[in-house]
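A structural walkthrough
These are the residues of each chain, in order.
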Amino acid sequence: MVSSVNVLFSAAQTVLIVYAHQSAGSFNAAVKDAAVDALKKQGCNVLVSDLYEMKFKATATEEDITGAVKNPEHFCYGNETMLAWQEGRLASDIVDEHKKLKEADLVIFQFPMYWFSVPAIMKGWMDRVLTLGFAYTLEKRYSEGIFRDKKAMLSFTTGSHETMFSSNGINGDMNVTLWPIQNGVLNYCGFQVLAPQIFWAPTHLSSEAREGLLEGWCARLQGLLNEAPLTFPPVDIFDEEEGFQLKPEVREKHAESHFGLTVGHHLEKPLPPHNQMKAGV
Ligand SMILES: Cc1cc2nc3c(=O)[nH]c(=O)nc-3n(C[C@H](O)[C@H](O)[C@H](O)COP(=O)(O)OP(=O)(O)OC[C@H]3O[C@@H](n4cnc5c(N)ncnc54)[C@H](O)[C@@H]3O)c2cc1C
């Protein structure tokens, strides 16, 4: 009995790193390699989807389906790919990623920030691999999402300095920038979202400072799988009958609070500080 419990808790965790950088000499490559090493040393099974190396197709098109599509006059990607997924007619590169995703306990998205978001090839991975039915349905999303037993996080480099991505900085608050991907993609599919790992402007640092960033990342990786996730509101505080608005009793409860609930659910109040950057706020 004791040994079966031990086996249960000591089962190797699988980490999928979805990685998007063109160059093996880049800082992103160094960050990815450090993660592979550190996680393997912890006994994790590490899978890497190196998107540029794979020449991963970024566009969501009819070619993602083998055989006839249901409605060629008005091709609807979500519905058609859900049907193809159910019938085993999805493109093999999507099926391969589905297999990795099913195995993964944690997914790390490693990338350089492009236009306040992920590079197109990584957005293409999200568009194509997070298939309707496989990754979400209208009934199974957010806190009731399909991947609610999995974790995911963004790990990325910027060109801008941290001061530029503050609420007083020229780019605006990084918490706001993170909301669409962390809430609209990861939390939407049910993932428990870990705090992002941000490497601010590595290009503008000295070699020693960059090595310091990698050491900090390796230190974080030691406890990464046990970290508490960021906080997002559960679906049951929204009223479906009222167009998924916050329930009146929840609004009342927060009427006196100084801050909104999250970056998105701000209730016309100041944003809760570090809402998308730190667990527990
Ligand atoms: C289309 C596009 C859109 C962009 N949009 C944005 C945006 O919206 N916001 C923003 O802030 N930035 C933006 N950028 C900038 C981009 O985010 C940065 O250029 C990128 O994040 C830098 O990361 P890198 O891995 O490419 O750095 P690299 O230039 O590859 O690396 C930086 C330095 O680290 C060195 N290095 C490599 N390995 C190691 C190691 N092991 N130890 C120490 N040093 C090492 C490299 O030699 C290099 O000198 C954009 C860039 C592009 C091309």
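Residue numbers here run from 1 along each chain, matching the order of that chain's written sequence. Reporting in this predicted model follows two pLDDT cut-offs: at least 70 for local features of residues, and 80 or more for side-chain atom pairs to be given and counted; totals over whole chains, interfaces and linings ignore these cut-offs and use all residues. Note that water and hydrogens are dropped before the side-chain values are worked out from all heavy atoms of the structure.

Looking at the environment of Ile 108
- With respect to the element layout, Ile 108 can be found in strand S3 (residues 106-112).
- Considering only alpha carbons, one finds Ile 108 and Glu 73, 35 residues apart in sequence, at a separation of 38 Å.
- Not counting residues up to four positions away in its chain, the partners in contact with Ile 108 are Val 15, Leu 16, Ile 17, Val 18, Leu 39, Met 153, Ser 155 and Leu 224. Helix and strand definitions here come from DSSP, where helices need a minimum of 4 consecutive H or I residues and strands a minimum of 2 consecutive E residues; each element is numbered from the N-terminal end. Residue contacts follow a heavy-atom distance rule, with two residues in contact if any of their heavy atoms lie within 4.5 Å.

Observations regarding the pairing of S3
- Among the seven residues of S3, seven are classified as buried, and the element is accordingly described as predominantly covered.
- Only protein chains enter the calculation, and the probe is 1.4 Å; a residue is then buried if its accessible area is under 20% of its type maximum, exposed if over 50%, and partly exposed in between. Burial along S3 is two-sided: Leu 106, Ile 108, Gln 110 and Pro 112 and Val 107, Phe 109 and Phe 111, pointing in opposite directions, are all buried.
- By the bridge criterion, five bridges tie strand S1 (residues 14-19) to S3 in an arrangement that is parallel. The residue bridging Tyr 19 from the neighbouring strand is Gln 110, located in S3.
- With seven bridges connecting them, S3 and strand S4 (residues 151-157) associate as parallel partners. In the strand pairing of S4, Phe 109 is matched with Leu 154. A pair of strands is considered paired only if DSSP assigns at least 2 bridges between the two.

Observations regarding the site of the ligand
- Whether a residue is near a molecule or strand depends on its heavy atoms: if one lies within 4 Å, it is near. Inspection of the region around the ligand gives 19 residues, with His 21, Met 113, Trp 115, Phe 116 and Thr 157 positioned closest.
- Here a polar contact is taken to be a pair of N or O atoms separated by no more than 3.5 Å, where protein atoms must pair a possible hydrogen donor with a possible acceptor and residues adjacent in sequence count only if both atoms sit in side chains. Between an oxygen atom of the ligand and a side-chain N or O atom of His 21, the distance comes to 2.7 Å.
- Contact between the ligand and Gly 159: an oxygen atom at 3.0 Å from a main-chain N or O atom of the residue.
- Each accessible area value is a Shrake-Rupley result obtained with a 1.4 Å probe; residue values ignore everything except the protein chains displayed when judging cover. Burial of the ligand by the protein amounts to 67% of the accessible area it has alone, namely 1000 Å².
- Within the residue set of the shell around the ligand, elements represented by two or more residues are helix H2 (27-41) and helix H7 (207-223).
- Ranked by residue count, the leading element in the shell around the ligand is H2, at three residues.
- A class-by-class count of the residues in the shell around the ligand yields nine nonpolar, nine polar and one charged. Any residue that is not Ala, Val, Leu, Ile, Met, Phe, Trp, Tyr, Cys, Pro, Asp, Glu, Lys or Arg is counted as polar, Gly included; the first ten are nonpolar and the last four charged.

Quick notes on the packing of aromatic side chains
- Two rings from Phe, Tyr or Trp (for Trp, the six-membered ring) form a pair when their centres sit within 6.5 Å of each other. Planes less than 30 degrees apart are called stacked, planes more than 60 degrees apart edge-to-face, and all others tilted. Evaluated as defined, the whole model comprises 13 aromatic pairs.
- Aromatic pair Phe 165 and Trp 200: ring centres 6.1 Å apart, planes at 40 degrees, arrangement tilted. Taken as a pair, Phe 165 in the loop between S4 and helix H6 (174-187) and Trp 200 in the loop between strand S6 (197-199) and H7 lie far apart in primary sequence, 35 residues in all. Of the two residues, Phe 165 and Trp 200, both sit in the buried class.
- An aromatic cluster is defined as three or more aromatic residues linked by ring pairs; in this entry it consists of Trp 85, Phe 134, Phe 147 and Phe 191.
- Any Lys NZ or Arg CZ found within 6 Å of a ring centre and within 35 degrees of that ring's normal is scored as a charge over the ring. One Lys or Arg, Lys 32, reaches over the ring of Tyr 19 and ends 4.8 Å from the middle of that ring.

Details of the confidence of the model for the protein
- Confidence scores per residue from the predictor, reported as pLDDT, run from 0 to 100. Per-residue confidence for the protein averages 95 on the pLDDT scale, and 96% of its residues sit at or above 70.
- Of all secondary-structure elements in the protein, the lowest mean pLDDT belongs to helix H1 (residues 2-10), at 44, while S3 reaches the highest, 99.
- For residues 1-9, every residue scores under 50 in pLDDT, and the model assigns this stretch zero contacts once sequence neighbours within four places are set aside.

Quick notes on the domain arrangement of the protein
- Where each domain begins and ends is defined by an automated method or by a domain database. You can read the domains of the protein as domain 1 (12-228) and domain 2 (231-281).
- Put simply, the middle of domain 1 and the middle of domain 2, counted by C-alpha atoms, are 25 Å apart.
- Each side of the interface is counted separately: domain 1 has 19 residues, and domain 2 has 15 residues.
- Accessible surface is computed with a 1.4 Å probe, and the buried area is the amount of it that two parts give up when combined, taken over both parts together. Taken over both partners, the interface formed by domain 1 and domain 2 buries close to 1300 Å², and the fraction arising from carbon and sulfur atoms is 67%.
- Any carboxyl oxygen of Asp or Glu that lies within 4 Å of a side-chain nitrogen of Lys or Arg is treated as forming a salt bridge with it. On the surface where domain 1 and domain 2 come into contact, there are zero salt bridges.
- Where domain 1 packs against domain 2, one counts five residue pairs in polar contact (both at pLDDT 80 or more).
- Of all the elements, H6 adds the most residues to the side of domain 1 that touches domain 2, at eight residues.
- Across the side of domain 1 that touches domain 2, the residue classes break down as 11 nonpolar, five polar and three charged.

Details of H6
- Of all 14 residues that make up H6, 11 are buried, and the element is covered over most of its length.
- What H6 keeps buried is the set Met 174, Asn 175, Thr 177, Leu 178, Trp 179, Ile 181, Gln 182, Asn 183, Val 185, Leu 186 and Asn 187.
- As for H6, its buried residues are in contact with S3, helix H5 (120-129), S4, strand S5 (192-193) and S6.
- Where H6 starts, the residue carrying a side-chain oxygen 2.8 Å from the main-chain nitrogen of Asn 175 turns out to be Asp 173.

Observations regarding the packing of helix H4 (residues 92-103) against H5
- Axis definition: a line fit to C-alpha positions, over the contact stretch in the case of helices; interaxial angles, taken between N-to-C directions, run 0 to 180 degrees. Remark: H4 packs on H5, axes separated minimally by 10 Å, with the N-to-C direction vectors making an angle of 85 degrees. Comparing their axes, H5 and H4 come out roughly perpendicular. From H4, Asp 93, Ile 94, Glu 97, His 98 and Leu 101 reach across to H5, where they touch Trp 125, Arg 128 and Val 129.
- Tallied by class, residues from the contact of H4 with H5 come to four nonpolar, one polar and three charged. In this scheme, roughly parallel covers angles under 35 degrees and roughly antiparallel covers those over 145, while 65 to 115 is roughly perpendicular and the rest are oblique.

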